[in-house]
Structures are given as C-alpha cells and as structure tokens.
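Structural characterization, general
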Amino acid sequence: LPLHFDAEVVLIIEEILKGLNLPPYTIKINNRKILDGYLQGLGVQTDRASAFRILDKLDKISAEGVFKELTDTLRMTPETARQALAITTIKGRD
C-alpha cells in the first residue's frame, strides 16, 4: 500500500484517542520504508536491516549504547551513526 495510508491510520488513531480524554500520551512511529530511505540517504548501502535492529534497541540500551553498536558492529563512522540516531529525536505536535 502507498505510504500515505500509514499516515492516515495514525491520524485516525489520534482522533480516537483525543475522544477518550486520556492524560498526555505519545504515539511512536516506526516505519521501515522511511528509515530505509533515510539510511540510504546517509550512504549506508549494506546491512541496513542490522541498523534497523540496532536502532530499535534505543529504549533498551540508550542512545550511547546504540551509537556504540552502530560504530563497533556495523563500522559506521561516528558522524554517520550520529546522523542515524538523529531520526529518533524527531518529534511533532498537533
């Protein structure tokens, strides 16, 4: 399915959650297509699947742990690893 359908699902979920009068909450999005394109744009040409798995560990091993794995395991340069981690800090507000 086209990527815009994924965005529409998030918007629908947001509307439902707003109607429930919940305390403040966070919706986290993990889209492999976006991440793959981002990493490819950084010049990561091989083993992006391993980079996905490492970035997915952010909540478990911290940004420092992810940075270490990206540089040690995948041999990313420190700058590329920092840029790869930067996508995890993007936040939006309605």
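Before going into details, it helps to say that this report is about the structure given with it.

Criteria and cut-off values
Residues numbered from 1 in each chain as written. Predicted model: local features only at pLDDT ≥ 70, side-chain atom pairs only at ≥ 80, totals over all residues. Heavy atoms only, no water. Helix = DSSP H or I, 4+ residues; strand = E, 2+ residues; numbered from the N terminus. Rg over C-alpha atoms; globule rule 2.2 N^0.38 Å. Buried < 20%, exposed > 50% of the residue type's maximum accessible area, 1.4 Å probe, protein only. Contact = heavy atoms within 4.5 Å. Areas by Shrake-Rupley, 256 points an atom, 1.4 Å probe, with all protein chains shown as cover. Lys, Arg positive; Asp, Glu negative; His and termini not counted. Charge placed at Lys NZ, Arg CZ, Asp CG, Glu CD. Salt bridge = Lys/Arg side-chain N within 4 Å of Asp/Glu carboxyl O.

What follows covers the overall build of the protein chain. For the protein chain, the helix and strand inventory stands at five helices and zero strands. Starting at the N terminus and ending at the C terminus, the protein chain contains elements arranged as α-α-α-α-α. Relative to a compact globule of 94 residues, whose C-alpha radius of gyration would be 12 Å, the protein chain shows 16 Å and is clearly more extended. Projected onto the principal axes, the alpha-carbon positions of the protein chain cover approximately 45 × 30 × 20 Å. The proportion of buried residues among the 94 residues of the protein chain is 22%. Long-range contacts, defined as pairs at least 24 residues apart, comprise 41% of the intrachain contacts of the protein chain with a sequence gap of at least 6. About 7,100 Å² of surface is accessible on the protein chain, with carbon and sulfur atoms providing 59% of the total. Here the protein chain carries 13 positive and 13 negative side-chain charges, and the mean point of each set is 5 Å from the other.

Here the focus is unusual backbone geometry. In this structure, Asn21 is a non-glycine residue whose phi angle is positive, near 50 degrees. The residue Asn21 is located in the loop between helix H1 (3-19) and helix H2 (32-41) in this model. Although it is not a glycine, Arg75 adopts a positive phi angle of roughly 60 degrees.

Mapped onto the elements, Thr46 comes out in the loop between H2 and helix H3 (48-55). Among the residues examined, Thr46 registers a relative accessible area of 61% and is labelled exposed. For the pair Thr46 and Ile34, spaced 12 residues apart in sequence, the C-alpha separation works out to 16 Å.

The next point concerns the pattern of salt bridges. Inspection of the entire model under this criterion finds seven salt bridges. Note that Lys28 is salt-bridged to Asp59, the shortest N-O span being 3.5 Å. Linking Lys28 in the loop between H1 and H2 with Asp59 in helix H4 (residues 58-72), this pair joins segments that are 31 residues apart in sequence. Summarising the burial analysis for this pair, Lys28 and Asp59 share the class exposed.

All right, on to the environment of Gly43 then. Here Gly43 shows up in the loop between H2 and H3. The partly exposed category is assigned to Gly43, whose relative accessible area is 45%. With 25 residues separating them along the chain, Gly43 and Lys18 place their C-alpha atoms 39 Å apart.

On their own, these measurements won't tell you what the molecule is for.
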